[in-house]
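Here is what each chain is made of, one letter per residue.
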Amino acid sequence: MAPQTSFNNLKVLEPLVPGSSEKGQITQEVVKHGGLGILTAAIFLAGEMAGSGVLALPAAMIGTGGWLGLALIFLFTANAGFSGTRLGLCWIMLEERYEEFRGEVRDPYPAIGEKAVGRWGRIVSMVAISLTLYGGGCVFIVLIAQLLGSLIGSAGFQLSLCVWMVIVAICLTPLTWMGTPKDFWPIAVGALITTCLACLLVIITCVLDGTQIEEKVFPTPTYDGTFKAFGSIMFAFAGASTFPTIQADMKDRSKFNISAIMAMGVLFFIYFPMAAACYFSL
């Protein structure tokens, strides 16, 4: 009986082998009721990644001569999509090999790091995620504070930027008390819709303003501009740290790859026209 037990264990430890009966049984076990669907997860991914970084795309194109910048957008779209699908497969492998990950998991990304390389993988993942989210959060707090200060300041109510930052942080803090992404999915839908509307308005404005320019001059590509564009475009695709968290909230986690590809497609159709139309119009 010992050889048969060993053989069965080997089959469980090969989660990507087609036709494995254990894989089919385990996949059925991790289908959750009340979780995110494929489309909802895709909207959540796109809404989470599409943010203030899109506003820097037209300026990032200046140092690349336009065409190289568009190629970078295509490259980073493919890179983000590939990374998302690999993360999805990593989590499926964890669920198939370890029963403790088939239920509710609050820290899926560190769990992947720990099972891959050990305890230090969890620590490195947590530090990287914390630094990434802290840096992005600070940028958004400052941006929201500046916008609120400008809007309310026009009505005659003046406050310093530092005070507005504190007010914004206090207002956003309760949102962090929600459990998992499935508890606040309408926020992701609203974020994606507002981002699309804002980009559409910016594109229309740039095209209309561009018709009034008699002669358009495009700067010569430079190495410095190319490296700056590389960083700006990479920032626009930041957000992979939340991928496993969103996958863990899906009804069928094995379908996360489809959601990731759909989300990258949505981002590409937002970023590419935004960068191309604004750059070549002005």
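Heads up: the structure comes first, above all this text.
**Q** Is there a simple way to explain the side chain of Asp252 in this structure?
**A** Position of Asp252 relative to the elements: it lies in the loop between α11 (243-248) and α12 (256-281). Engagement of the side chain of Asp252 in a polar contact is seen with the side chain of Ser254, the distance being 2.6 Å.

**Q** What am I meant to see in the environment of Glu104 here?
**A** One can find Glu104 in the loop between α5 (67-97) and α6 (108-117). Sequence separation between Glu104 and Asp249 is 145 residues; the distance between their C-alpha atoms is 8.0 Å.

**Q** I'm lost on the packing of α6 against helix α7 (residues 119-153) in this one. Help?
**A** Describing two packed helices takes the angle between their axes plus the distance from one axis to the other. Running from amino to carboxyl end, α6 crosses α7 at an angle of 150°, the nearest separation of the two axes being 6 Å. Judged on the interaxial angle alone, α7 and α6 are roughly antiparallel. α7 is crossed by α6, and the crossing has right-handed handedness. Between α6 and α7, the contacting residues are Tyr109, Pro110, Ala111, Gly113, Glu114 and Val117 on the first element and Arg119, Trp120, Gly121, Arg122, Ser125, Met126 and Ile129 on the second. Per-class residue counts for the contact of α6 with α7 are seven nonpolar, three polar and three charged.

**Q** Looking at this structure, I do not really get the nonpolar core. What am I missing?
**A** Across soluble globular proteins, you tend to see nonpolar side chains buried next to one another. Membership of the largest hydrophobic core comes to 40 residues, with the highest contact counts inside it found for Phe237 and Tyr271. Breaking this core down by element, the ones donating at least two residues are α3 (38-49), α5, α9 (185-210), α10 (223-236), α11 and α12. If you look at the next biggest cluster of nonpolar residues, it comprises six residues, including Leu94, Val105, Ala111 and Ile112.

**Q** So what exactly am I meant to see when it comes to α9 here?
**A** Note: α-helices contain 3.6 residues per turn, so residues at a spacing of three or four share the same orientation. With 26 residues, α9 extends 38 Å between its outermost C-alpha atoms, agreeing within 8% with the 38 Å of an ideal straight helix rising 1.5 Å per residue. Buried residues of α9: Ala188, Leu192, Thr195, Cys199, Ile203, Cys206 and Gly210, and no others. Buried positions along α9 lie against α3 and α12.

**Q** Hey, could you run me through the packing of α3 against α12 in this one?
**A** Taken N-terminus to C-terminus, the directions of α3 and α12 make an angle of 45°; their axes are 8 Å apart at the nearest point. Considering the angle they form, α3 stands oblique to α12. Classified by chirality, the crossing of α12 by α3 is right-handed. Judged by residue contacts, Ile38, Leu39, Ala41, Ala42, Leu45, Ala46 and Met49 of α3 engage Phe256, Ile258, Ser259, Ala260, Met262, Ala263, Met264, Val266, Leu267 and Tyr271 from α12. Within the contact of α3 with α12, the residues separate by chemical class into 16 nonpolar, one polar and no charged.

Cut-offs and rules
Residues numbered from 1 in each chain as written. Predicted model: local features only at pLDDT ≥ 70, side-chain atom pairs only at ≥ 80, totals over all residues. Heavy atoms only, no water. Helix = DSSP H or I, 4+ residues; strand = E, 2+ residues; numbered from the N terminus. Polar contact = N/O pair within 3.5 Å; in protein donor to acceptor, adjacent residues only side chain to side chain. Axes fitted to C-alpha atoms, helices over the stretch in contact; angles between N-to-C directions. Parallel < 35°, antiparallel > 145°, perpendicular 65-115°, else oblique. Left-handed = near helix turned anticlockwise from the far one by under 90°. Contact = heavy atoms within 4.5 Å. Nonpolar A, V, L, I, M, F, W, Y, C, P; charged D, E, K, R; others polar. Core = buried A, V, L, I, M, F, W, Y, C linked by side-chain atoms within 4.5 Å. Buried < 20%, exposed > 50% of the residue type's maximum accessible area, 1.4 Å probe, protein only. Expected span 1.5 Å × (residues − 1).

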